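Given next are the chains, with one letter for each unit.
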Amino acid sequence: MNIFKILASGNGTIKEPNVSAFLGYLLNPKEDHGLGDAFLKRFLEPLLYQNNQLDFMRNRNLSIRSNFEIEVLLEQAFKNNKKKEIVDIVILCYEKKSQQGMFLAEDIIKQKKEGAAIPKHIFLIENKIREGALRNEQLNEQYNRTIEKLKDMKFDMSK
């Protein structure tokens, strides 16, 4: 069942940005939907399983007041000298060095000052609701542009 196809039937229309906004809302553990990190974890689980990264989520709280800071961003561009590629949804997952104890404020200030906010994981989501909407090589181009930009930003891709 495709809920988005159903919503667009009849007199309704639905476009990719609407679907991306809805998915982004559900994926963001900071939103007021009451799901916390449950939808995010279930959504990412198959991807992490396929890449032997399930330990990233196992017994971890990805919602507010956790060791992770999750940013869900819509319509984000990654560009090089030639061209930009726009990704529908980007999920940035930052792992905080410390989340408890009496030195928490000091740790947070130090991490921000040192620019220690390096993403642990970056997830790119390209949303298509119509057959044939995907252009040839689109996903490869988006992935490659993102990797190029991260290397330009001196982000260590080996971890």
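Residues numbered from 1 in each chain as written. Predicted model: local features only at pLDDT ≥ 70, side-chain atom pairs only at ≥ 80, totals over all residues. Heavy atoms only, no water.

### Some details on the side chain of Thr-146
Part 1 of the argument: Structurally, Thr-146 can be placed in helix α5 (residues 138-152).
Part 2 of the argument: Judged by relative accessible area, which is 4%, Thr-146 ranks as buried.
Part 3 of the argument: With sequence-adjacent residues up to four places away left out, Thr-146 is seen in contact with Phe-78 and Leu-124. (Helix = DSSP H or I, 4+ residues; strand = E, 2+ residues; numbered from the N terminus. Buried < 20%, exposed > 50% of the residue type's maximum accessible area, 1.4 Å probe, protein only. Contact = heavy atoms within 4.5 Å.)

### Looking at the pairing of strand β2 (residues 84-95)
Part 1 of the argument: Summarising burial for β2: 9 of the 12 residues are buried, a large majority.
Part 2 of the argument: Summarising the sheet, β2 and strand β3 (residues 119-125) pair through 6 bridges and their orientation is antiparallel. Its bridge partner lying in β3, Ile-89 is registered against Ile-125. (Pairing = 2+ DSSP bridges.)

### Description of a nonpolar patch on the surface
Part 1 of the argument: Together, Ile-3, Ile-6 and Leu-7 line one region of the surface with nonpolar side chains, adding up to about 270 Å² of accessible area.
Part 2 of the argument: With respect to the element layout, Ile-3 can be found in helix α1 (residues 3-8). (Patch = residues over 30% accessible without salt bridge, like charges linked within 9 Å, V, L, I, M, F, W, Y side chains within 5 Å. Areas by Shrake-Rupley, 256 points an atom, 1.4 Å probe, with all protein chains shown as cover. Salt bridge = Lys/Arg side-chain N within 4 Å of Asp/Glu carboxyl O.)

### Thoughts on the nonpolar core
It is characteristic of soluble globular proteins that their nonpolar side chains tend to be buried jointly.
Part 1 of the argument: If you look at the biggest cluster of nonpolar residues, it comprises 16 residues, and the most contacted ones within it are Leu-27, Leu-40, Ile-70, Ile-89 and Ile-91.
Part 2 of the argument: For this core, the secondary structure elements donating two or more residues are α2 (16-27), α3 (38-50), β1 (68-79), β2 and β3.
Part 3 of the argument: When neighbours within four sequence positions are excluded, Ile-70 is seen to be in contact with Pro-29, Lys-30, Leu-40, Leu-62, Ile-91, Leu-92 and Cys-93.
Part 4 of the argument: Counting residues in hydrophobic clusters, the runner-up holds 5 residues, among them Phe-78, Val-87, Leu-92 and Tyr-94. (Core = buried A, V, L, I, M, F, W, Y, C linked by side-chain atoms within 4.5 Å.)

### Topic: the pattern of salt bridges
Part 1 of the argument: Scanning the model with the defined rule gives 2 salt bridges in all.
Part 2 of the argument: One salt bridge connects Glu-71 with Lys-30, and the closest N-O pair in it is separated by 3.0 Å. Placement of Glu-71 in strand β1 and of Lys-30 in the loop between α2 and α3 is noted, with a sequence separation of 41 residues between them.
Part 3 of the argument: Using a relative accessible area of 41% as the deciding quantity, one classes Lys-30 as partly exposed.
Part 4 of the argument: When the shortest N-O distance is used, the salt bridge between Asp-37 and Lys-41 registers 3.5 Å.

None of the figures reported here should be taken as evidence of function without further support.
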